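Remarks on the overall topology
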Amino acid sequence: MIDGLAANFLEAELESGGLRNLAALHERGEYGQAVSVFPTVTPVCLSSIATGANVSEHGIPHIVWFDAAQGRVIDYGSSAGAVLAAGPLSVARDAMIEMTRTHLSSDVATVFESLEAAGLATATVSFTCFRGPVTHKIRFPGAVRRGRWFETVEGPSKFFFFNLYESEQLNTPFALRSRASGSVDAYGAAVASQLVERDEFDYFLYYLPDLDYAAHAGGGLSARVALRRVDNHLGTMFEAAGGIDAFLERYVIVVSSDHGFSAVRESSRLEEKFSDLRLLRSRGAGDPKESDVAVCASMRAGAVYRLPGCTLDVRGLASRAEACPATDAVFFMEGEEAVARRQGEELRFRLSGSELLRSGSVDLLDGDIYPQGLERAWHALNAERSGDVLVSAAGGWEFVDLAGRDHVGGASHGALTSADSVVPVLAAGLREPLPVGLSITDFATLARAHFHLT
Ligand SMILES: [Zn+2]
């Protein structure tokens, strides 16, 4: 699973001839595409990949969201590795421990839980949605003392997580040495090749997050360099089995991503449209009872939570969000129906089973530009901890995040648009051909079906 790999980007890179190992896999297997969930941000997408559940079911609504139960804004940061590198500890703890331990719904099973319950050995590296049946002790007792981290987490039987949790002693480099030069992926690659050499797993979710980091920082050119490193890492893993053909005799492989990315040229602060209201601050003091709204914006997606003291209704909040220059479309619930607004026009919709009911400007979201846009927005709106108004950014735009950061000059993701949402799927060895119309929620289903667990 390569974080942030857009389908159109991989296709162009394969065409250019610079990817030896991915091209070899492409020759031997099949190619398809999958659509991500919304918002197209890593914690939301990884939770769908790990569980097979959509946003309406798995409990992780956004990369930054208002937790009514605790009365505070939870911010996972742009990635677990970036959070750990940047601190503070409470953010790292939410992203790396609490997301899987307490935020992920207990009503859904991870693929690690499903497979281990059937007696299979599962493995993962650096993957943040790791809930499994085996207790692992943290390897840095100093961090436990200073930051009061839980000493243990529950993960798959073979669990490798940024040198903090390692279920067995392997020869691994320090994961957070230099994100810019791909040190988390180098750590993952060391784990992957040694796991393959030992051939001790039935299922391995190999997660490579550094392409996303590179794309944010430097856009497509940086992502290209990172993708070549990923290609080399895959080659090393194939070699550990005796080459790609020997690897494919032993394993089924699916290479994909959680979301894509698009270039960022401008940014805007969603909160500015709510500056006359009492904003719940993510940092420092803030009391939800004394606040009107929590505005949770990050990358190319935003969420506005209406708090009890607010005199504006949800539609009023949505029109504020619609007026932000970075906004492309806004979504909110009105009774049993959802409302989408874009460029002053309005569409009402509702997903009933798999049937989409629409009225108003029914062509508001072109299916090529917003793949499965209304279905994905419906799931996001119907998540238990969803914002009252959800916002998708326009092409080239990004929302400044709660820490005041943006990726202008680089790339980002989060929106409903196809560049952010469509990911490539390279697969070899599956019993059935890759289905058409894949979603990233299907990867867990494919794994369970492979082991006859559906
Ligand atoms: Zn990202």
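Residues numbered from 1 in each chain as written. Predicted model: local features only at pLDDT ≥ 70, side-chain atom pairs only at ≥ 80, totals over all residues.

Helix and strand content of the chain: 15 helices and 23 strands. Since a compact globule built from 454 residues should have a radius of gyration of about 22 Å, the 21 Å found for the chain is in line with a globular shape. Overall, the C-alpha framework of the chain stretches about 65 × 50 × 40 Å when taken along its three principal axes. Buried positions account for 53% of the 454 residues belonging to the chain. Taking the intrachain contacts of the chain between residues at least 6 apart in sequence as the baseline, contacts between residues at least 24 apart amount to 67%. (Helix = DSSP H or I, 4+ residues; strand = E, 2+ residues; numbered from the N terminus. Rg over C-alpha atoms; globule rule 2.2 N^0.38 Å. Buried ≥ 20, exposed ≤ 12 C-beta atoms within 10 Å, placed from the backbone. Contact = placed C-beta atoms within 7 Å.)

In any sheet, the strands associate via hydrogen bonds between backbone groups, in a parallel or an antiparallel arrangement. Pairing is antiparallel in the open sheet, where seven strands are placed in the order 13-14-19-15-16-17-18. The sheet terminates laterally at strand 13 (293-298) and strand 18 (355-360), the two strands that pair on one side only. Here the strands of the sheet are splayed against their neighbours by 20° on average, with no regard to which way each runs. Two strands pair when backbone bridges link them, and strand 16 (residues 337-342) and strand 17 (residues 345-352) are joined in this way by five bridges, in the antiparallel orientation. Its bridge partner lying in strand 17, R341 is registered against E346. Of the strands in this sheet, strand 13, strand 14 (301-306), strand 15 (327-334), strand 16 and strand 19 (389-393) are in contact with helix 12 (residues 314-322), which crosses strand 15 at around 175°. Sitting on the sheet, helix 13 (residues 373-381) is in contact with strand 15, strand 16, strand 17, strand 18 and strand 19, with an inclination near 120° to strand 16. (Pairing = 2+ DSSP bridges. Axes fitted to C-alpha atoms, helices over the stretch in contact; angles between N-to-C directions.)

Okay, the environment of H136 next. Take H136: it is sitting in strand 5 (residues 134-137). Each C-alpha atom of the pair H136 and S167 lies 6.7 Å from the other, and the pair is 31 residues apart in sequence. Those residues in contact with H136 that lie beyond four places of it in its chain are T152, V153, G155, F159, Y165 and S167.

Examined at the domain level, the chain breaks down into domain 1 (7-59 + 80-262 + 416-450) and domain 2 (266-410). With centres defined by C-alpha atoms, the gap from domain 1 to domain 2 works out at 28 Å. If you look at the interface, domain 1 gives 21 residues, while domain 2 gives 24 residues. Elements that contribute at least two residues to the side of domain 1 that touches domain 2 include exactly helix 4 (55-58), helix 10 (210-240) and helix 14 (418-421). In terms of residues, the side of domain 1 that touches domain 2 owes the most to one element, helix 10, which gives five residues. Grouping the constituent residues of the side of domain 1 that touches domain 2 by class yields 10 nonpolar, 10 polar and one charged. (Domains from an automatic or database assignment. Nonpolar A, V, L, I, M, F, W, Y, C, P; charged D, E, K, R; others polar.)

Of the two faces of strand 4 (residues 122-125), the one carrying T122 and T124 and the one carrying A123 and V125 are both buried. As paired elements, strand 4 and strand 9 (residues 203-206) share four bridges and run parallel to each other. By the bridge assignment, V125 is partnered in strand 9 with Y206. Summarising the sheet, strand 4 and strand 7 (residues 158-161) pair through three bridges and their orientation is parallel. By the bridge assignment, T124 is partnered in strand 7 with F159.

Of note, V196 is situated in helix 9 (residues 183-198). In this structure the C-alpha to C-alpha distance between V196 and E239, which are 43 residues apart in sequence, comes to 9.3 Å. Setting aside anything within four residues of it in sequence, one finds V196 in contact with M237, A240 and A241.

What follows deals with the sheet that holds strand 10 (residues 253-255). Within the open sheet, the four strands sit side by side as 10-22-1-23. Their pairing is mixed. For this open sheet the edge positions go to strand 10 and strand 23 (438-439), each flanked by a neighbour on one side alone. Where strand 1 (residues 30-35) meets strand 23, two bridges bridge the pair, whose relative direction is parallel. Bridge assignment links V35 to a residue of strand 23, and that residue is S439. This element, helix 2 (residues 20-28), spans strand 1, strand 10 and strand 22 (422-428) of the sheet and lies at about 65° to strand 22.

Moving on: the pairing of strand 22. Along any regular strand, the residues point their side chains to alternate faces of the sheet. As paired elements, strand 1 and strand 22 share six bridges and run antiparallel to each other. Residue pairing in the sheet places G32 in a bridge with V425 of strand 22. Here three bridges tie strand 10 to strand 22, and the two strands are oriented antiparallel to one another. Of the residues in strand 22, the one forming a bridge with V254 is A427.

In this section: the packing of helix 9 against helix 10. Packing of helix 9 against helix 10 leaves a shortest axis separation of 10 Å and a crossing angle of 20°. Classified by the angle between their axes, helix 9 and helix 10 sit roughly parallel to one another. The handedness of the crossing between helix 9 and helix 10 is right-handed. Counting all contacts with helix 9, which are made through V184, D185, A189, A192, S193, V196 and E197, the residues of helix 10 involved are D210, R229, V230, H233, T236, M237 and A240. Looking at the contact of helix 9 with helix 10 residue by residue, the classes come out as seven nonpolar, three polar and four charged. (Parallel < 35°, antiparallel > 145°, perpendicular 65-115°, else oblique. Left-handed = near helix turned anticlockwise from the far one by under 90°.)

Attention now goes to helix 1 (residues 7-16). Listed in full, the buried residues belonging to helix 1 are A7, F9, L10 and E13. Across the axial projection of helix 1, the buried residues extend over an arc of 160°, all falling on one side. Helix 1 presents A12, E15 and S16 as exposed residues on the side facing more than 90 degrees away from its buried surface. Looking at the buried positions of helix 1, the neighbouring elements they touch are strand 1, helix 10 and strand 22. (Arc of directions from axis to C-beta.)

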